[in-house]
Amino acid sequence: MVRTVKTGLVIAVVATAFSLQARLYAQDNMKQDGMKQDEMKHDKMQDDKMTHESMAKTLFTGKFHGKVHATSGRATVYQEADGKLVLRLTNFKTSNGPDVHVILVATKDAGDDANFLKNNTERVELGKLKGNEGDQNYEIPAGTDLAKFQTVSVYCERFNANFGAAPLEKF
Amino acid sequence: MNKITNSRLSRNKLALILIGIPVLGGAWWAFRPEKLFINEKVNEAAPFTVGSEAQPVYTGKLEGKIHQTSGRATIYKSADGKHYLRLTDFMTANGPDVHVVLVRAEDKALEQEIVKGDLDHVELGSLRGNQGDQNYDLPAAVDLNQYQAVAIYCERFHAIFGVARLEQF
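Worth saying up front: this structure is predicted, and the values here are computed from it rather than measured.

### Considering the overall build of chain B
Step number 1: Helix and strand content of chain B: 1 helix and 9 strands.
Step number 2: Listing every helix and strand of chain B by position from the N terminus yields α-β-β-β-β-β-β-β-β-β.
Step number 3: Here the C-alpha atoms of chain B give a radius of gyration of 30 Å, more than 25% beyond the 15 Å that 2.2 N^0.38 yields for 169 residues.
Step number 4: Dimensions along the principal axes, computed over C-alpha positions, put chain B at roughly 105 × 40 × 25 Å.
Step number 5: Contacts in chain B between residues far apart in sequence, at least 24 positions, make up 61% of those at least 6 positions apart.

### Some points on the overall build of chain A
Step number 1: Scanning chain A for helices and strands turns up 2 helices and 9 strands.
Step number 2: Listing each helix as α and each strand as β along chain A from the N terminus yields α-α-β-β-β-β-β-β-β-β-β.
Step number 3: Buried positions account for 26% of the 171 residues belonging to chain A.
Step number 4: Partitioning the intrachain contacts of chain A with sequence separation of at least 6 by distance along the chain shows that 64% fall at a separation of at least 24.

### With respect to the nonpolar core
Residue and element names in this part refer to chain B.
Step number 1: Leu85, Val100, Val150 and Ala151 are the most contacted members of the largest nonpolar core, which has 32 residues in total.
Step number 2: Of all the secondary structure elements, the ones that give two or more residues to this core are strand 1 (55–64), strand 2 (70–77), strand 3 (83–91), strand 4 (98–103), strand 7 (149–154) and strand 8 (159–165).
Step number 3: When residues in this core are grouped by element, the largest group, 6 residues, is from strand 7.
Step number 4: Sequence-distant contacts of Val100, that is, excluding residues within four places in its chain, are made with Leu85, Leu124, Gly125, Leu127, Tyr136, Val150 and Ile152.

### Overview of the pairing of strand 4 (residues 100–105) of chain A
Residue and element names in this part refer to chain A.
Step number 1: Of all 6 residues in strand 4, 5 are buried; the element is thus mostly enclosed.
Step number 2: Strand direction decides the pairing type here: strand 4 and strand 7 (residues 151–156), joined by 6 bridges, are antiparallel. From the neighbouring strand, Leu104 faces strand 7, where its bridge partner is Val152.
Step number 3: Two strands pair when backbone bridges link them, and strand 4 and strand 5 (residues 123–128) are joined in this way by 5 bridges, in the antiparallel orientation. Residue pairing for strand 5: His101 is matched across the bridge by Lys128.

### So, the confidence of the model for chain B
Regions with low pLDDT should not have their predicted coordinates read in detail.
Step number 1: Looking at chain B as a whole, the pLDDT averages 88, with 93% of positions reaching at least 70.
Step number 2: Predicted complex, confidence summary: ipTM 0.72, pTM 0.72.

### Let's talk about the sheet that holds strand 5 of chain A
All names here are of chain A.
Step number 1: Strand order in the open sheet made by the 4 strands is 5-4-7-8, with antiparallel pairing throughout. The sheet terminates laterally at strand 5 and strand 8 (161–167), the two strands that pair on one side only. Averaged over neighbouring strand pairs, the angle between their axes works out to 25° when direction is ignored.
Step number 2: Inspection of the sheet shows strand 7 paired to strand 8 by 6 bridges, in the antiparallel sense. Within the sheet, the bridge partner assigned to Ser153 lies in strand 8 and is Ala165.

### Structural notes on the sheet that holds strand 2 (residues 72–79) of chain A
All names here are of chain A.
Step number 1: One open sheet holds the 5 strands; their spatial order is 6-3-2-1-9, and the pairing between them is antiparallel. In this open sheet, the two edge strands, each paired with only one partner strand, are strand 6 (136–140) and strand 9 (169–170).
Step number 2: Where strand 3 (residues 85–93) and strand 6 come together, 5 bridges link them in antiparallel fashion. Considered in strand 6, the bridge of Arg88 is made with Asn137.

### Describing the domain arrangement of chain B
Step number 1: With domains assigned, chain B is organised as domain 1 (2–36) and domain 2 (55–168).
Step number 2: Centre-to-centre, using C-alpha coordinates, domain 1 of chain B lies 64 Å away from domain 2 of chain B.

Rules used in this analysis
- Residues numbered from 1 in each chain as written.
- Chains lettered and ligands numbered in written order.
- Predicted model: local features only at pLDDT ≥ 70, side-chain atom pairs only at ≥ 80, totals over all residues.
- Helix = DSSP H or I, 4+ residues; strand = E, 2+ residues; numbered from the N terminus.
- Rg over C-alpha atoms; globule rule 2.2 N^0.38 Å.
- Contact = placed C-beta atoms within 7 Å.
- Buried ≥ 20, exposed ≤ 12 C-beta atoms within 10 Å, placed from the backbone.
- Core = buried A, V, L, I, M, F, W, Y, C linked by C-beta atoms within 7 Å.
- Pairing = 2+ DSSP bridges.
- pLDDT = per-residue confidence, 0-100.
- Axes fitted to C-alpha atoms, helices over the stretch in contact; angles between N-to-C directions.
- Domains from an automatic or database assignment.

Right, here's the structure in full:
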């Protein structure tokens with residue numbers, strides 16, 4: 001009888017110890033930050049230095065929104081191997097119009113209102129809109145501070161109207 | 001009398017034509033109304049060699065639910081057709097039994113922090129670290145049109161740490 005009680009006690013103690021350990025372990029887990037740094041998957045790229053060097057890095061990306069003129073698609077800023085910055089529009093669609101340009105604006109986002117550049121918002125001209133539909137690339141002038149110019153706008157110069165804007169976020 | 005009115009009429013007409021045509025021309029130049037119906041479609045290639053590099057197909061930003069979570073979730077398609085999920089600038093709380101799962105973006109369960117009942121999800125694996133860049137292979141059969149959100153999910157407590165709704169890259 002005493003023996004059974006003793007065995008029972010031992011089992012209880014062991015079980016408590018186990019559960020405590022598990023809990024301690026969990027707490028440990030909570031405090032410790034497991035850092036992990038997976039390399040980008042390159043397939044064959046890692047061996048092939050030439051191809052690797054001709055790769056472009058994706059820096060920023062954002063989706064277009066537009067109410068005045070329905071505008072959709074994605075704007076992405078790439079850095080080419082030689083350091084050049086390129087803005088690429090994909091799945092892009094806006095309405096056609098006169099004197100439409102692609103610009104970078106020094107704001108976090110641009111409203112959908114026309115006449116949105118009245119308060120002397122700084123901007124960087126990237127060129128005339130090449131087409132109102134489809135994938136297209138625009139060179140970004142060297143030295144453009146992308147931490148400052150955070151929004152892409154499709155912009156009608158003549159009427160100072162914002163067709164659509166894409167706020168850029170870090171990729 | 002009749003002649004005079006006629007000539008005045010024609011003079012008016014002439015004036016109208018002389019003024020009207022340039023005005024119309026100017027208005028046309030300014031507004032280019034025909035552009036409403038004419039699309040200019042372009043299709044430029046990417047400005048760099050794509051090669052065998054994996055391409056991003058979907059991306060989204062992580063938003064914290066029950067725990068602060070941030071970073072970007074991107075689904076890449078590698079040259080051999082396999083998909084994988086990559087988390088970048090990633091940060092969440094550490095915890096027990098945390099998994100990376102694909103969920104349905106429109107799932108009502110995502111509005112709660114603690115899921116009641118079962119969460120319809122595709123398991124990608126245990127979270128490898130609560131900080132840092134990391135990759136997870138996607139099962140070959142997964143339908144990315146159905147599961148368009150990534151969740152950091154504690155299976156033990158049915159707690160959603162964070163969610164990223166994916167959008168086409």
